[in-house]
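What the coordinates show
These are the residues of each chain, in order.
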Amino acid sequence: ADCRNILRTVGSNSFAIGEDGHIDFEKVFSKNGAQVADNKMECCKTTGRPLNIELGAGFGDWAVLQAQCNPSSDYVAVELRSDRVWQIFARSFLCNSASPLHNLCSVGSECGSFLRDRVKPKTVTKLFVNHPEPPTQTFGANASNLEQIAEGGEEPAHMLNSQTLLSAAQCLDEATGEIVIVTDNQWYARLICCTFVKLLSLSPGLLRSKDFGVQSGMRRIEVFPRFSKDSQKVYLYEGKPGESIGHKAVQNQTNGSSYFDRLWRSGAGAHAQAKKRFIIVMQRGVTHEAKNRSGNATAKVCGNARKNQKKSEAKQKRRNERRLLKRSQNTPAPT
């Protein structure tokens, strides 16, 4: 409540923060949001619009371009550093479009706590992570370290740890939700895949790896782990980010244009691939609750079938007894 009062004092959209702390992004992106707070006027809500979140948005290059070319969807750019949050906000006003972007919101926060405490469960269409910073440039080169993590071992400090990925999965829409991760560091991509394997072992059915067809232009290069059930496998792809993973093409710009692309052009990053992009896409799967509901329904059906079978057997037994009684009555007594 104190936070809401402070935000109301400075003229911000405090009405968009619920009593539970979750942000109502339909109100954040409403065209007349400011009037709602002051005059209680009915806002033009963006009900039903896809909600996309980018974690570790940097200077906002990618988020701004995506919001420009996809005005029918809303984008939230999450960044920890306050100077970059301001730059994203400024870019949304000073971009090349005719007017400021009304479908882009910049947020200053640590990613894990933001997803856990501020985003309503089952409301996010796509969650993007573009070229996240690895714990070290070479972590993941040692296969034994990856195996330990996949089996539930300790993880190095980095943004996409299993707790953050769990919070991200819980935010996804159950029907269409996806986590899309693009990196230039194959070693780090392997670490992320093994972290997903760990998450799937702790929360079976929460996510499943997306299987791209041959027409997508994506090439599957690794599967984690090698020996497991299909539902627990995590696929690592190599390819160019495009429409198949939700990266909209922007006129006169490359899809992955960002601060990192400028670094690659300048030759930065000893362990980064200048042209190759490694991609992981996880879809929302069937939760334990849904499985339990399905299991309970199956058990109920089976239980009813057994109950009906018992009734049928009892009915048949009574019928046989009546027949025997009638037969004994019709039979003449011996002389």
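Residue numbers here run from 1 along each chain, matching the order of that chain's written sequence. Where local features are concerned, this predicted model is filtered to residues with pLDDT of at least 70; where side-chain atom pairs are given and counted, the filter is 80 or more; whole-chain, interface and lining totals use all residues. To obtain the side-chain values, all non-hydrogen atoms of the structure were used and water was disregarded.

Let's talk about the pattern of salt bridges
Any Lys or Arg side-chain nitrogen located within 4 Å of an Asp or Glu carboxyl oxygen qualifies as a salt bridge. Under the criterion given, the structure shown has 12 salt bridges. Among the salt bridges present, the one from Arg-284 reaches Glu-174, with a minimum N-O distance of 3.9 Å. Here Arg-284 is found in strand β9 (residues 278–284), whereas its partner Glu-174 is found in the loop between α8 (162–171) and β5 (178–183), with 110 residues between them in sequence. When accessible area is computed with a 1.4 Å probe and restricted to protein chains, residues below 20% of their type maximum are described as buried, those above 50% as exposed, and intermediate ones as partly exposed. The class of Glu-174 is partly exposed, set by a relative accessible area of 37%. A salt bridge links Arg-219 to Glu-238; the shortest N-O distance between them is 2.9 Å. One end of the pair, Arg-219, is in strand β7 (residues 219–224); the other, Glu-238, is in strand β8 (residues 234–238), and 19 residues separate them in sequence. Through salt bridges that share partners, Lys-122, Glu-174 and Arg-284 make up one connected network. Secondary structure elements follow DSSP: runs of H or I no shorter than four residues count as helices, runs of E no shorter than two count as strands, and numbering proceeds from the N terminus.

Regarding the environment of Phe-196
Tracing the backbone shows Phe-196 in helix α9 (residues 186–202). Along the primary structure Phe-196 and Asn-161 are separated by 35 residues, whereas in three dimensions their C-alpha atoms are 8.9 Å apart. The contact rule is simple, with two residues in contact once any of their heavy atoms fall within 4.5 Å. Not counting chain neighbours up to four residues away, the residues in contact with Phe-196 comprise Leu-165, Ile-179, Ile-181, Leu-207, Val-234, Ile-280 and Met-282.

Description of the nonpolar core
Generally speaking, a soluble globular protein has its nonpolar side chains buried in company with each other. We call a set of buried residues a nonpolar core when its members are Ala, Val, Leu, Ile, Met, Phe, Trp, Tyr or Cys and they connect through side-chain atoms within 4.5 Å of each other. Of all hydrophobic cores here, the largest spans 46 residues; its most connected members are Ile-53, Val-76, Phe-114, Leu-127, Phe-196, Leu-207 and Ile-280. The greatest single-element share of this core, amounting to 10 residues, is contributed by α9. Setting aside its immediate chain neighbours within four residues, Ile-280 contacts Ile-179, Val-180, Ile-181, Ala-189, Ile-192, Cys-193, Phe-196, Val-234, Tyr-235 and Leu-236. Membership of the second largest hydrophobic core comes to 21 residues, among which are Tyr-75, Ala-77, Phe-212 and Ile-245.

Overview of the pairing of β5
Of all six residues making up β5, six are buried, and the element is well covered by its neighbours. Judged by which residues are buried, β5 turns out to be covered on both faces: Glu-178, Val-180 and Val-182 on one side and Ile-179, Ile-181 and Thr-183 on the other are all buried. Of the pairings in the sheet, the one linking strand β4 (residues 126–130) to β5 comprises five bridges and is parallel in character. Bridged to Phe-128 within β5 is Val-180. For two strands to be treated as a pair, DSSP must find at least two bridges joining them. Note that β5 and β9 share six bridges and pair antiparallel.

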